[in-house]
Amino acid sequence: MEIQDILFASLAGLFFIYLITKFLEFKDLPPGPWGNLPYVGYLPFLFFKSPLKVFAVFKEKYGKIFSLKLGGFRVVVINDYKLVMEAYKEDVFMGRPAFEAQMTRNHGKKRGILFSEGKTWQEQRRFAIRNLRMLGLGKHSMESSIQLEARELISFFSNNIGKPIQLKNKFNASVLNSLWYICTGDRFEVNDPNFLFMIDMFINNMQQLELTGVPFFFPWILKNTDLVVKGFWNRFLESRDRIQGLIRKTIEEHKKTFDPEVQRDFIDLLIAQWRKTDDPESSFYKDEGDLNMLLVVVDLFLAGAETTSSTLQWAMLYMIEYPEIQEKVQKEIDAVIGPNREPCLDDRANMLYTEATLNEIHRFCSLVPFSVFHSTMEDVKFAGFKIPKDTVILANLRDAHYDKGYWVDPHNFRPERFIDDANQKIVKHEAFMPFSTGKRTCLGDSMAKDSLFIFFTSLLQKFRVEKDPDFGPLSLEPNAPTLIVAPCPFNIIIKNRT
Ligand code: HEM
């Protein structure tokens, strides 16, 4: 046998083994596209396409649940709200993928809330829910901090009546400051360089995180190839250190002035828990507890700032696109609150149409289209398939919100779908899941709803928002297929209502 023949036979043999391995790997998984290349998977085919669109095509082709490989990760996408509800009720689906960027951010372990799992996640999440709820009801309540930020926004808008304004970045400072107040009992001046850096980190950077992007699925290229994305990984590490340094400093200052009798804010509550924990197994214990404390605060900003501020942008976009709906909301504001009194949270219960409009804003923009990625903690049988441990799970929340089998006219912006026939109460829709569903559902949902209500009503009480006639046609499509979708840039014109 010639050397070429031996080489050819070996290569053919290797290729055959590769095919068999792939076949065995995917045999019991949900169906999916061919073209899962070694090492990079289907990633290159998504570079120039929107995964939102590609996944919609895959749903037509492969059904409610399909799988593919992205980088080194096996991914299953669930495109049916009933299946999402079924999966996210189960502990086995409550993991988070071990993405390198998240692990590095978390100093090598799944810590905090957003990217933790198991015991740490349960303890930290339970603590945060209980104590944030308590702070929301306290005297220095969240309500007054949001009202304060809404007043600042009104003053900015009042100074810009009649001028075209780009909304991107206008809500960021207000939202971030109200979160900062809850965590630290303090607020930033708008031109404080640390504040501007935080806005950049927590909001602008998040807006660039592509859904099926390289930082999640193929970080190797960022870490090792300065040629492709110059200095990306170093910049990422520097940002991590600076942001965590800022929050660490605030925590240390709190520790110095800590008084067990007076708990001023969320950081004080965390410190109290950390100080009293004597169980070495607890995620609040000593150094591990200290690190979790830092990362929980980072998580609240990461999860709460961009989400709320982008939803407000979408809200303004829809109000200029659907002026008749804006008018109806304003009629309700006039009737319930009047022109002068500041909106407060007690008004929510009396403002059915506004509440329905806010729900429709959440549905229509589907801000976190695939939720935050989950992963399987064990091998599991689901929907007739076998899904191995450590599979990344994407729940297609956008699909749930536009499912023609559930919603009558999903592509119309129609708040009335959330109001019952007797015009008395909000209709609960099981396919409505802007905050995800099940055991890992957003823990800031009530805080987000309260903030959105106050900002939205405070602005529409004072101002009418209109299209900028010189801006050109508006797009209601997301700007980019990112983890959190923001609207395409647009201008608005603010007019006084009185
Ligand atoms: C419009 C605003 C918001 C939307 C649409 C939203 C949506 C979501 C979604 C879809 C998830 C993923 C849930 C899952 O993994 O299945 C999530 C998780 C989370 N959200 Fe929100 N969120 C918003 C605001 C907030 C706010 C204001 C906070 C807190 C300050 C917050 C804190 C969190 C945290 C900590 C998690 C992680 C929960 C966990 O892993 O257990 N969110 N959010």
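Residues numbered from 1 in each chain as written. Predicted model: local features only at pLDDT ≥ 70, side-chain atom pairs only at ≥ 80, totals over all residues.

Right, let's get into the overall build of the protein. Helix and strand counts for the protein stand at 17 helices and nine strands. Rg of the C-alpha trace for the protein: 24 Å, near the compact-globule value of 23 Å for 498 residues, within the 12% margin. Looking at the protein as a whole, 41% of its 498 residues qualify as buried. (Helix = DSSP H or I, 4+ residues; strand = E, 2+ residues; numbered from the N terminus. Rg over C-alpha atoms; globule rule 2.2 N^0.38 Å. Buried ≥ 20, exposed ≤ 12 C-beta atoms within 10 Å, placed from the backbone.)

Here we take up the pairing of strand β1 (residues 65–70). Working note: regular strand, side chains alternate between the two faces of the sheet. Of all six residues in β1, six are buried; the element is thus mostly enclosed. Along β1, one buried face is formed by Ile65, Ser67 and Lys69 and the opposite face, lined by Phe66, Leu68 and Leu70, is buried too. What sits between the antiparallel neighbours β1 and strand β2 (residues 73–78) is a turn of two residues, in which Gly71 has the positive phi angle 55°. (Pairing = 2+ DSSP bridges.)

Below, the discussion takes up the environment of Ser145. With respect to the helices and strands, the residue Ser145 is situated in helix α6 (residues 142–158). Classification of Ser145 as buried rests on a count of 21 C-beta atoms within 10 Å. Remark: the alpha-carbon pair of Ser145 and Phe47, spanning 98 residues in sequence, is separated by 42 Å. Contact partners of Ser145, with chain neighbours within four places excluded, come to Ser178, Tyr181 and Ile182. (Contact = placed C-beta atoms within 7 Å.)

This part takes up the sheet that holds strand β4 (residues 374–375). Read across the sheet, four strands follow the order β1-β2-β7-β4 without closing on themselves; strand pairing throughout is mixed. Each of the sheet's edge strands pairs with one partner strand only, and the pair in question is β1 and β4. Where β4 and strand β7 (residues 392–395) come together, two bridges link them in antiparallel fashion. Bridge pairing in β7 places Ser375 opposite Val392.

Inspection of the secondary structure assignment puts Thr250 in helix α11 (residues 232–256). Along the sequence, Thr250 and Cys183 sit 67 residues apart, while their C-alpha atoms lie 9.8 Å from each other. Residues in contact with Thr250, not counting those within four places in the same chain, are Thr184 and Ile267.

Spatially, three strands are ordered β3-β9-β8 in an open sheet, and the strand pairing comes out antiparallel. Each of the sheet's edge strands pairs with one partner strand only, and the pair in question is β3 (164–166) and β8 (463–467). Sheet twist, expressed as the average angle between the axes of neighbouring strands with direction ignored, equals 45°. Pairing geometry for β3 and strand β9 (residues 491–496), over three bridges, is antiparallel. In the strand pairing of β9, Ile165 is matched with Ile492. Running over the sheet, helix α13 (residues 286–321) touches β8 and β9 and is turned about 75° from β8. (Axes fitted to C-alpha atoms, helices over the stretch in contact; angles between N-to-C directions.)

Before going further, it helps to spend a moment on the site of the ligand. Residues in close proximity to the ligand total 26 residues, the closest being Ala303, Gly304, Ser436, Cys442 and Gly444. Those elements giving two or more residues to the shell around the ligand turn out to be α13 and α17 (445–462). Counting residues per element, the shell around the ligand draws most heavily on α13, which supplies seven residues. When the residues that make up the shell around the ligand are grouped by side-chain class, the tally is 14 nonpolar, nine polar and three charged. (Near = placed C-beta within 6 Å. Nonpolar A, V, L, I, M, F, W, Y, C, P; charged D, E, K, R; others polar.)

Now for the UniProt feature "binding site: heme" (unreviewed entry) in the protein. The residues that UniProt annotates with the feature "binding site: heme" (unreviewed entry) are Cys442. Once residues lying within four places of it in the same chain are set aside, the contact partners of Cys442 are Phe435 and Ser436. (UniProt positions renumbered as here; feature names shortened; annotations may be inferred.)

All right, on to the packing of helix α14 (residues 323–336) against helix α15 (residues 352–365) then. Between two packed helices, the angle of one axis relative to the other and the distance separating the axes together describe the packing. Where α14 meets α15, the axes come as close as 8 Å, and the angle between the chain directions of the two elements is 140°. In this view, α14 runs oblique relative to α15, as classed from their interaxial angle. Of the two possible hands of crossing, α14 and α15 adopt the one that is left-handed. Contacts from Ile325, Lys328, Val329 and Glu332 of α14 reach α15 at Tyr353, Thr354 and Thr357. (Parallel < 35°, antiparallel > 145°, perpendicular 65-115°, else oblique. Left-handed = near helix turned anticlockwise from the far one by under 90°.)

Turning to the nonpolar core, a few remarks are in order. Among the nonpolar cores identified, the biggest contains 118 residues, and Leu176, Leu179, Phe202, Val297, Met316 and Ile393 are the most heavily contacted of them. The biggest single contributor to this core is α13, with 19 residues. Each residue touching Leu176, except ones within four places of it in the same chain, is listed here: Met198, Ile199, Phe202 and Ala305. (Core = buried A, V, L, I, M, F, W, Y, C linked by C-beta atoms within 7 Å.)

With 14 residues, α14 ought to run about 20 Å at 1.5 Å a step, and its terminal C-alpha atoms sit 20 Å apart, in line with that. Residues of α14 that are buried include every one of Ile325, Gln326, Val329, Glu332 and Ile333, and no others. One side of α14 holds all its buried residues, which, seen down the axis, span an arc of 125°. Turned more than 90 degrees from where α14 packs its buried face, Glu324, Lys331, Asp334 and Ala335 sit exposed. Structurally, α14 contributes buried residues whose contacts are with α13, α15, α17 and β8. Looking one or two residues past α14, Gly338 carries a phi angle of roughly 85°, positive in sign. (Expected span 1.5 Å × (residues − 1). Arc of directions from axis to C-beta.)

Turning our attention to the packing of α13 against α15. Two numbers describe how α13 lies on α15: the axes approach to 10 Å, and their chain directions differ by 105°. With respect to each other, α13 and α15 are oriented roughly perpendicular. Where α13 approaches α15, its residues Thr311, Trp314, Ala315 and Tyr318 are matched on the opposing element by Ile361, His362, Phe364 and Cys365. Its residues placed into classes, the contact of α13 with α15 shows six nonpolar, two polar and no charged.

With that settled, the discussion passes to unusual backbone geometry. We note that His107 has phi near 55°; this positive angle belongs to a residue other than glycine. Relative to the helices and strands, His107 resides in the loop between α4 (100–105) and α5 (118–137). A tally of 12 C-beta atoms within 10 Å means that His107 is categorised as exposed. Positive phi outside glycine occurs at Asp390, with the angle close to 65°. With respect to the element layout, Asp390 can be found in the loop between β6 (385–387) and β7.

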